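Structural description and commentary
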Amino acid sequence: MVQGVGFRPFVYRLAVQNGLAGFVQNRPKGVIAEVEGPQAAVDSFLAGVRHDLPPLAHVTQVESAEIAILHDHDFRIVESDAQGPADVHITPDAATCPDCLSELFDPANRRFRYPFINCTNCGPRLTIIRTIPYDRANTSMACFPLCPQCQAEYENPADRRFHAEPNACTVCGPQLTLLNAEGSPVDTRDPIATAVDLLSSGHVLAIKGLGGFHLSVDAARDEAVKKLRSRKYREEKPLAIMVRDMEQARQIVRVSADEEALLTSPRRPIVLLEKIKNSIVAEAVAPGVSNLGVMLPYTPLHHLLLRDRFAALVMTSANQVDEPISTKNREALKRLQGIADYFLVHNRDILVRCDDSVAFVAAGYPQFIRRSRGYVPHPLALRDCLPPVLALGGQLKTTHCILKGRFAFVSPHIGDMETPQARNFFDESLALMKRITDSDPQIIACDLHPAYYSTQAARELTAERIIPVQHHHAHIASCMADNQITGDVIGLAMDGTGYGPDGNAWGGEFLIADETHFQRFGHLRYLVLPGGEKAIHEPWRIAISLLRTAYGRNWKETAQKLKLIPDEAQGDLFEKIIESKIHSPLSSGLGRLFDGVAALIGLRRQVSFEGQAAMELESIACGSSGAPYPFEILPSDGEPCVLDMSAAIRAMVTDLEADRSRPRLAAQFHRTLIDAFTAMSEAMRRSTGLSRVVLSGGCFQNKILLTGTMDKLKLSGFDVYCHRDIPANDGGLSLGQAVIAASMIKKGC
Ligand SMILES: [Zn+2]
Ligand SMILES: [Zn+2]
Ligand SMILES: [Zn+2]
């Protein structure tokens with residue numbers, strides 16, 4: 001990453017300091033510099049190029065060669081050369097830097113309170129790009145001609161805004177406007193001050209940010225938060241908050257040193273942190289869970305909004321349920337009608353939709369739940385060069401991935417492919433990825449599921465070859481790529497659901513895998529999901545299925561005692577549904593087991609979003625402990641072995657009947673899984689001699705499960721790998737699919 005990050009001025013200064021002549025230029029393959037002067041000066045220059053880089057620059061390789069002397073006298077920065085294929089990486093958007101921040105609040109500065117202040121070390125990047133190379137003319141800043149003062153900064157190699165493509169000021173740059181719900185401008189000289197007043201009096205504001213609109217209310221006002229929830233039909237899902245600074249953050253959540261580093265990094269993700277009881281944040285922001293999603297301001301506008309009045313604002317992606325984030329002013333006005341009271345907009349277009357990234361810290365690394373703004377399109381370096389492949393991801397939390405040489409480029413988070421808006425965004429994102437990687441791979445990878453939108457899209461694209469990849473194999477391959485490892489591994493892929501070649505829903509999978517093949521060594525015992533899709537929204541149905549497996553035909557009495565069914569008659573009805581196998585698919589998903597256990601212990605009968613029951617089970621288990629429950633590994637001749645949790649379910653029921661504490665039960669359930677995963681891994685090691693275990697799948701976003709499994713496996717002598725830069729959930733699937741397809745091509749499979 002050497003373009004748009006002040007790299008050429010850095011080279012310029014280095015050359016001038018060393019008294020060298022020559023030039024530096026952006027090229028499709030990176031940056032090229034020619035220097036001439038005394039040998040010692042050239043050596044010192046070359047050494048300097050590898051060190052003291054500008055904060056957003058990232059250099060993967062420096063090559064040098066001797067050429068004929070040209071007898072130049074000065075050092076110049078010359079225009080970009082757009083010829084040939086581009087190999088330069090576009091940088092992600094970066095949070096306002098300390099220099100710009102101090103200017104923003106300096107009354108003597110000409111950019112005092114200017115909400116679009118930026119420089120070569122900060123500001124918008126990916127989200128304003130139309131095409132490459134990264135020059136102002138190819139961004140949404142093209143329609144703002146620089147004023148003489150900004151132009152002078154832009155042209156002065158000694159200025160920190162030299163070639164800062166989004167450079168702007170009050171005179172020449174983008175401006176804010178405050179609109180009412182009908183889209184008419186509000187009469188105000190200071191849109192920010194008025195917006196702050198409106199938020200203070202409990203209004204819902206739609207605020208145009210870097211990668212899309214946020215919906216915002218004062219996080220301390222319970223009734224405002226509830227109003228936003230009811231208007232957005234988001235009754236229970238936790239909302240993210242933006243906190244003024246670290247000092248305020250510490251009043252609201254517990255923050256470790258690693259978490260602080262992540263919160264304050266220029267990438268500024270939402271970090272999941274443990275709530276402090278009785279903070280100023282309204283309970284309605286994240287009801288029923290122990291964590292809160294917190295981020296710090298990352299644009300000048302955010303700083304201006306939060307500076308004086310608020311400790312924290314709710315900042316949630318502005319969209320209707322399941323739709324992608326809104327980016328355009330008119331689109332936002334239409335789509336957020338009835339939700340936002342006012343719109344704080346500006347006239348700099350967002351060209352690339354980019355949601356906030358979400359992560360938590362565990363096992364010494366950030367663990368991504370969503371990797372988007374601030375990280376995309378920074379590529380992942382692969383261990384080897386692989387053939388070009390485009391992978392289209394899965395159905396939920398979809399991303400795309402393009403492999404190019406030694407790099408994997410994963411797209412911004414697209415989301416769930418359920419709505420026409422999401423499908424448009426899918427196409428938008430595909431075009432973007434091809435443009436910024438300047439490539440159009442002819443090998444396409446997708447999921448095995450025939451009904452996924454991405455699978456259908458793969459068939460509609462012209463391609464040399466389409467390679468469908470099994471969901472859980474892709475999870476394991478993505479974690480292997482994330483750790484730059486290849487060869488045979490033990491793979492634990494734990495999630496809600498993914499299409500299995502036997503036609504069942506898989507999701508508690510113990511695989512022996514490498515980057516081209518996998519074998520299903522074992523799986524969680526199949527559960528009947530009575531009512532199919534309905535069971536996912538009503539986990540009490542899964543609890544019934546668990547009891548039926550654990551108690552055979554005598555399950556009804558226990559189900560009645562636990563108040564899962566009102567009477568014998570409903571029990572008979574369920575018996576029929578399950579026996580007849582109508583609308584009752586089989587699932588080995590660990591996510592479903594979590595749902596069932598949450599319902600069994602009376603945590604909730606229904607869920608309003610995917611993973612809710614599991615999140616709450618983790619939340620109440622946090623801080624409790626207890627002995628693991630029993631479980632069984634059932635060998636099966638020639639077939640994968642089965643991990644059966646029936647004994648654990650029976651023991652849990654006994655504890656429930658004895659009225660034991662639920663947090664303790666939840667903790668014991670986690671312990672049981674950790675022990676079961678270790679026992680299965682040991683069985684796989686005995687059978688194969690392998691000792692590397694790879695953990696992937698959405699269930700490893702459960703911090704207790706992830707850290708517990710890692711610790712226990714390490715104690716048992718395994719080398720354990722978890723995700724580092726890519727989400728463990730389905731957001732990481734596209735990377736795994738791409739690596740598998742490319743490795744198959746490379747090996748001639
Ligand atoms: Zn800056
Ligand atoms: Zn200007
Ligand atoms: Zn999955």
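Predicted model only: the values in this text are computed from it and were never measured.

Below, the discussion takes up the overall build of the protein chain. A tally of helices and strands in the protein chain yields 23 helices and 27 strands. Each of the three principal axes of the protein chain carries a C-alpha extent, and together these read 90 × 65 × 45 Å. Taking all 749 residues of the protein chain together, 59% fall into the buried category.

Coordination sphere of the zinc ion (ligand 1), protein contribution only: C97 (SG), C100 (SG), C119 (SG) and C122 (SG), at 2.3 to 2.4 Å. Metal-centred angles of 103 to 119 degrees between the four donor atoms at the zinc ion (ligand 1) mark the site as tetrahedral. Mapping the donors of the zinc ion (ligand 1) onto the primary sequence yields the spacing C-x2-C-x18-C-x2-C. You'll find C97 and C100 in the same group, each marked buried.

With respect to the helices, strands and loops of the structure, S619 is situated in helix α19 (residues 612–621). Accessibility expressed as a relative area gives 15% for S619, which makes it buried. On a C-alpha basis, the gap between S619 and P191 in space is 40 Å, while along the polypeptide they are 428 residues apart. Not counting residues within four places of it along the chain, the set of residues in contact with S619 comprises G288, V289 and S290.

Glancing now at the sheet that holds strand β17 (residues 443–447). With respect to topology, four strands assemble into an open sheet ordered β16-β15-β17-β18, the strand pairing being mixed. If you trace the sheet from one side to the other, it starts and ends with β16 (401–410) and β18 (465–469), each paired once. The sheet shows a mean angle of 60 degrees between the axes of neighbouring strands, taken without regard to direction. With five bridges connecting them, β17 and β18 associate as parallel partners. Looking across to β18, one finds that A445 is bridged to I467. The strands touched by helix α11 (residues 420–437) are β15 (380–391) and β16; relative to β16, the strand with the most contacts, the crossing angle is about 155 degrees.

On to the coordination of the zinc ion (ligand 2). Surrounding the zinc ion (ligand 2) are the protein donor atoms C147 (SG), C150 (SG), C169 (SG) and C172 (SG), at 2.2 to 2.4 Å. One can describe the site at the zinc ion (ligand 2) as tetrahedral: its four donor atoms subtend angles covering 104 to 117 degrees at the metal. Residue C147 is classed as buried on the basis of its relative accessible area of 9%.

Here we come to the layout of surface pockets. Space left empty within the atom packing is revealed by a probe, the size of a water molecule, rolled over the atoms. What the second largest pocket holds in volume is close to 1600 Å³. Listed by contribution, the elements that provide at least two residues to the lining of the second largest pocket are α1 (7–17), β1 (21–27), β2 (30–36), α2 (39–49) and β16. With seven residues, the single largest contributor to the lining of the second largest pocket is β2. Residues from two domains meet in the lining of the second largest pocket; each of domain 1 (7–77) and domain 3 (381–483 + 729–747) gives at least three.

Further remarks concern the side chain of E575. Residue position: E575 is located in helix α17 (residues 568–580). Judged by its relative accessible area of 10%, E575 is buried. In terms of polar contacts, E575 uses its side chain to reach the side chain of R548, at 3.0 Å. When sequence neighbours within four positions are dropped, the list of residues in contact with E575 reads R548, R553, W555 and K556.

Looking now at the packing of aromatic side chains. Each aromatic ring pair is summarised here by two numbers: the centre-to-centre distance and the angle between the ring planes. Here the structure, examined in full by the defined rule, presents 10 aromatic pairs. Where F594 meets F669, the ring centres are 5.2 Å apart and the plane angle is 85 degrees; that geometry is what we call edge-to-face. With F594 in helix α18 (residues 590–600) and F669 in helix α21 (residues 662–688), this pair connects stretches of sequence that are 75 residues apart. Residues F594 and F669 agree in their burial class; the two are buried. We note R307 situated over the ring of F105; from NZ or CZ to the ring centre the distance is 3.7 Å.

The contact between helix α15 (residues 540–551) and α18 brings their axes to 7 Å, and the two run at 95 degrees. Regarding the angle of α15 to α18, the classification is roughly perpendicular. Across the interface between the two elements, W540, I542, A543, L546 and L547 of α15 pack against R592, L593, D595, G596, V597, A599 and L600 of α18. Along the lines of polarity and charge, the residues of the contact of α15 with α18 split into nine nonpolar, one polar and two charged.

One can describe the packing of helix α13 (residues 471–482) onto helix α23 (residues 733–747) by two numbers: an axis separation of 7 Å at closest approach and a directional angle of 90 degrees. Between α13 and α23, the angle is such that the two are roughly perpendicular. Contacts between α13 and α23 involve H471, H473, A474, H475, A477, S478 and A481 from the former and L733, L735, G736, Q737, V739 and I740 from the latter.

The subject of this paragraph is the pairing of strand β14 (residues 365–370). On a regular strand, one side chain projects to one face of the sheet and the next to the other, so that they alternate. Direction of pairing for strand β13 (residues 358–362) relative to β14: antiparallel, over a ladder of five bridges. Paired with V358 across the bridge in β14 is R370. Once β13 ends, the chain turns through two residues before running back antiparallel as β14, passing A363 with a positive phi of about 55 degrees.

To continue, consider unusual backbone geometry. With an omega dihedral of 5 degrees, the bond running from V376 to P377 counts as a cis peptide bond. Its location among the elements puts P377 in the loop between β14 and β15. The phi dihedral of R113 is positive, around 60 degrees, even though this residue is not glycine. Among the secondary structure elements, R113 is positioned in the loop between α3 (98–104) and α4 (148–155).

Quick look at the sheet that holds strand β3 (residues 75–78) now. Across a sheet, strands are paired by hydrogen bonds formed along the backbone, either parallel or antiparallel in direction. The strand order across the open sheet formed by three strands is β2-β1-β3, and the pairing between neighbours is mixed. Lying at the two open borders of the sheet, with one neighbouring strand each, are β2 and β3. Each neighbouring strand pair of the sheet contributes to a mean axis angle of 10 degrees, computed without reference to strand direction. Where β1 meets β3, four bridges bridge the pair, whose relative direction is parallel. The partner of F23 across the bridge, within β3, is R76. On the sheet, α1 packs against β1, β2 and β3 and is oriented at approximately 170 degrees with respect to β3.

Our focus in this paragraph is the pattern of salt bridges. Opposite charge on two side chains permits them to pair, given that their charged atoms come into close proximity. Evaluation of the coordinates by the stated rule reveals 36 salt bridges. Between R383 and D384 there is a salt bridge whose closest N-O contact spans 3.8 Å. For D384, a relative accessible area of 34% translates into the label partly exposed. One salt bridge connects E610 with K397, and the closest N-O pair in it is separated by 3.2 Å. Linking E610 in the loop between α18 and α19 with K397 in the loop between β15 and β16, this pair joins segments that are 213 residues apart in sequence. Relative accessible area serves as the criterion here: at 48%, E610 is assigned to the partly exposed category.

Next up on the list: the pairing of β2. In this sheet, β2 lies alongside β1 in antiparallel orientation, the contact comprising seven bridges. Opposite R27, over in β2, you have G30 as the bridge partner. Adjacent in sequence and paired antiparallel, β1 and β2 are bridged by two residues.

What counts, and at which threshold
- Residues numbered from 1 in each chain as written.
- Chains lettered and ligands numbered in written order.
- Predicted model: local features only at pLDDT ≥ 70, side-chain atom pairs only at ≥ 80, totals over all residues.
- Heavy atoms only, no water.
- Helix = DSSP H or I, 4+ residues; strand = E, 2+ residues; numbered from the N terminus.
- Buried < 20%, exposed > 50% of the residue type's maximum accessible area, 1.4 Å probe, protein only.
- Donors = N, O, S within 2.8 Å, 3.2 Å for Na, K, Ca; no water.
- Tetrahedral: all angles 85-135°; square planar, octahedral: opposite > 155°, others 65-115°.
- Contact = heavy atoms within 4.5 Å.
- Pairing = 2+ DSSP bridges.
- Axes fitted to C-alpha atoms, helices over the stretch in contact; angles between N-to-C directions.
- 1 Å grid on protein atoms, 1.4 Å probe; cavity = no way out; pocket = protein on both sides within 12 Å on 5 of 7 lines; lining within 4 Å.
- Points joined across faces, edges and corners; volume = space filled by probe spheres on them.
- Domains from an automatic or database assignment.
- Polar contact = N/O pair within 3.5 Å; in protein donor to acceptor, adjacent residues only side chain to side chain.
- Phe/Tyr/Trp six-rings, centres within 6.5 Å; stacked < 30°, edge-to-face > 60°.
- Lys NZ or Arg CZ within 6 Å of the ring centre and 35° of its normal.
- Parallel < 35°, antiparallel > 145°, perpendicular 65-115°, else oblique.
- Nonpolar A, V, L, I, M, F, W, Y, C, P; charged D, E, K, R; others polar.
- Salt bridge = Lys/Arg side-chain N within 4 Å of Asp/Glu carboxyl O.

Interpretation in functional terms is not warranted from these geometric data alone.
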